[in-house]
Amino acid sequence: MTLLDLKLTESNTIPLDSLACHVGNTPLLPLRRVTLRLPPRVKVFVKAEWFNPGGSVKDRPALNIIQNAILNGDLGRGKRLLDSTSGNMGISYATFCAALGIPVTLAVPASASSERIAMLNALGAELILTDPLEGSDGAILKARELAAEFPDKFWYANQYDNESNWQAHYLSTGPEIARQTNGQITHFVAGLGTSGTFVGTGRYLNERLPQVKTIAFQPDAPFHGLEGLKHMPSAIKPGIYDESLVGTPLEVRTEAAHEMTIRLAREEGLFVGISSGAAVVAALKIASELDEGAVVTVLPDAGYKYLSDKKLWEGSLRTQTFPDV
Ligand code: PMP
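Bear in mind the structure is a predicted one, so any value in this text is a computation, not a measurement.

A. Seen up close, the overall build of the protein. Looking only at helices and strands, the protein has 11 helices and 10 strands in total. In terms of C-alpha radius of gyration, the protein reaches 19 Å, essentially the compact-globule figure of 20 Å for 325 residues. Principal-axis analysis of the C-alpha atoms places the extent of the protein at approximately 60 × 55 × 40 Å. Counting every position in the protein, which comprises 325 residues, the buried fraction comes to 58%. Surface accessibility of the protein: about 14500 Å² in total, with carbon and sulfur atoms responsible for 52%. Across the protein, the 30 positively charged side chains and the 35 negatively charged ones have centroids separated by 4 Å.

Right under this line is the structure:
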């Protein structure tokens, strides 16, 4: 059953043969080479979220938010969907809304990668670029301002405070991981952006498999290079953030995430984004402290959107010029 099937009995708004029906049910892959130093009975598995049609984990909450807004009559009456995003959520909104004929306006920090901005443009979203120095919080404040000023024009999806965000993971990511590990998962590790992935999946696992330990991680500093993640102590706290579930997050350095992102490409054939590298750094830290166990983490997206990040890839170029003979 897909995320979409859960609601189809109530609504025929999104056709059963659409792209949206392929959200979720992503592969769970074992890591085999970056884990070589772990004890033999400790395994690390990753959820390959770039298999979603919009290319990231954010398809899950975007689809659930859009679906519930249509069911509630909030969207589809000529209003534009409005939200702030660092990129991936916007790409998911724009993908599904294009197919539904719903216009989209997004507040995006101007520092978002050029690939993200180009993709959002390609999908026809209206973009409002916000001060790069204010990061994702600047985009949140802009979206709030527009929503308050033009209530008839916009429906404010508000991914940071919208319960449909974490519920998407409670309904899909959590059950998929439980099923794909045959209930054998011992630790779940995820990064914090809106916190939807961690809160929704963590809540499901805590309820159904109470032996599972859930561990969140965040960047180690307010200014960091982990696109999509938030340093919670210095950021606007999302309304869906659940302090009691999160506890004290692990901290991951940008440089360690960069290094792991390159290793995942070269040693595992996993061409992923920087927050995925960070997720594996955190998962390996947890795994290295165990004698046995199955650690699962989420790899939110693929590496394509980060190719213009020269600092990340160029220092590790593997090209060779053959000498003239
Ligand atoms: N990594 C990337 C690349 C993301 O785009 C996001 C979403 N902002 C996350 C991680 C964090 O996911 P969540 O919002 O569910 O905490």
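B. Quick look at the domain arrangement of the protein. Taken as a whole, the protein is organised into domain 1 (4–52 + 172–313) and domain 2 (59–156). Computed from C-alpha coordinates alone, the two centres of domain 1 and domain 2 are separated by 23 Å. Summing both partners gives a buried area of about 2100 Å² for domain 1 against domain 2, and 56% of it is carried by carbon and sulfur. Scanning the region where domain 1 abuts domain 2 turns up 5 salt bridges. Between R116 and E227 there is a salt bridge, and its shortest N-O distance comes to 3.0 Å. At the boundary of domain 1 and domain 2, one finds 16 residue pairs in polar contact (both at pLDDT 80 or more). Among the elements that line the side of domain 1 that touches domain 2, the one with the most residues is helix α6 (residues 163–180), at 3 residues.

C. Highlighting the pairing of strand β7 (residues 187–191). By the criterion of burial, β7 is predominantly enclosed, with 5 of the 5 residues buried. Alternating residues of β7 divide into H187, V189 and G191 and F188 and A190, and every residue in both groups is buried. As defined by bridge partners, β7 adjoins strand β8 (residues 213–219) across 5 bridges and the pair is classed as parallel. Counterpart to F188 in the pairing with β8 is T214.

D. Up close: the sheet that holds strand β10 (residues 293–299). Across the sheet, which stays open at both edges, the 6 strands sit in the order β1-β2-β10-β7-β8-β9 with mixed pairing between neighbours. Taken across any chain shown, the strands that pair with only one partner, and hence form the sheet edges, are β1 (28–30) and β9 (250–252). Taking the axes of each pair of neighbouring strands and ignoring which way they run, one obtains an average angle of 30° across the sheet. As judged from the 3 bridges shared by β7 and β10, these two strands associate in the parallel manner. Bridged to F188 within β10 is V296.

E. Representation of the nonpolar core within the structure. Counting residues in each nonpolar core, the largest one holds 37 residues, and the members touching the most others are F217 and V280. Breaking this core down by element, the ones donating at least two residues are β2 (42–48), β8, β9, α9 (254–268), α10 (274–288), β10 and α11 (310–314). Ranked by residue count, the leading element in this core is α10, at 9 residues. For V280, the contacting residues outside a window of four places in its chain are L31, V34, V46, M260, L264 and L299.

F. Quick peek at the pattern of salt bridges. Summed over all chains, the structure comprises 14 salt bridges. Among the ionic pairs, K47 bridges to E176, the shortest N-O distance being 2.8 Å. In this pair, K47 is assigned in strand β2 and E176 in helix α6, connecting sequence segments 129 residues apart. Note on E176: relative accessible area 4%, which makes it buried. Residues D242 and R203 are paired through a salt bridge, measuring 2.8 Å at the closest nitrogen-oxygen approach. Of this pair, D242 sits in the loop between β8 and α8 (243–246) while R203 sits in helix α7 (residues 196–208), and the two are 39 residues apart along the sequence. Its relative accessible area of 16% is what places D242 among the buried residues. Here the residues in one salt-bridge network are K47, E49, R60 and E176, joined through shared partners.

G. Here's a closer look at the packing of aromatic side chains. Under the definition given, this model contains 7 aromatic pairs. Seen from their ring centres, W166 and Y170 are 6.0 Å apart, and the 90° between their planes marks the pair as edge-to-face. A residue pair is termed a helical-turn pair when its members lie 3 or 4 positions apart in one helix, as W166 and Y170 do in helix α6 at 4 residues. Judged by relative accessible area, which is 12%, W166 ranks as buried. Arranged with centres 5.8 Å apart and planes meeting at 50°, the rings of F271 and W313 form a pair that is tilted.

Cut-off values and rules
- Residues numbered from 1 in each chain as written.
- Predicted model: local features only at pLDDT ≥ 70, side-chain atom pairs only at ≥ 80, totals over all residues.
- Heavy atoms only, no water.
- Helix = DSSP H or I, 4+ residues; strand = E, 2+ residues; numbered from the N terminus.
- Rg over C-alpha atoms; globule rule 2.2 N^0.38 Å.
- Buried < 20%, exposed > 50% of the residue type's maximum accessible area, 1.4 Å probe, protein only.
- Areas by Shrake-Rupley, 256 points an atom, 1.4 Å probe, with all protein chains shown as cover.
- Lys, Arg positive; Asp, Glu negative; His and termini not counted.
- Charge placed at Lys NZ, Arg CZ, Asp CG, Glu CD.
- Domains from an automatic or database assignment.
- Buried area = accessible area lost by both parts, 1.4 Å probe.
- Salt bridge = Lys/Arg side-chain N within 4 Å of Asp/Glu carboxyl O.
- Polar contact = N/O pair within 3.5 Å; in protein donor to acceptor, adjacent residues only side chain to side chain.
- Pairing = 2+ DSSP bridges.
- Axes fitted to C-alpha atoms, helices over the stretch in contact; angles between N-to-C directions.
- Core = buried A, V, L, I, M, F, W, Y, C linked by side-chain atoms within 4.5 Å.
- Contact = heavy atoms within 4.5 Å.
- Phe/Tyr/Trp six-rings, centres within 6.5 Å; stacked < 30°, edge-to-face > 60°.

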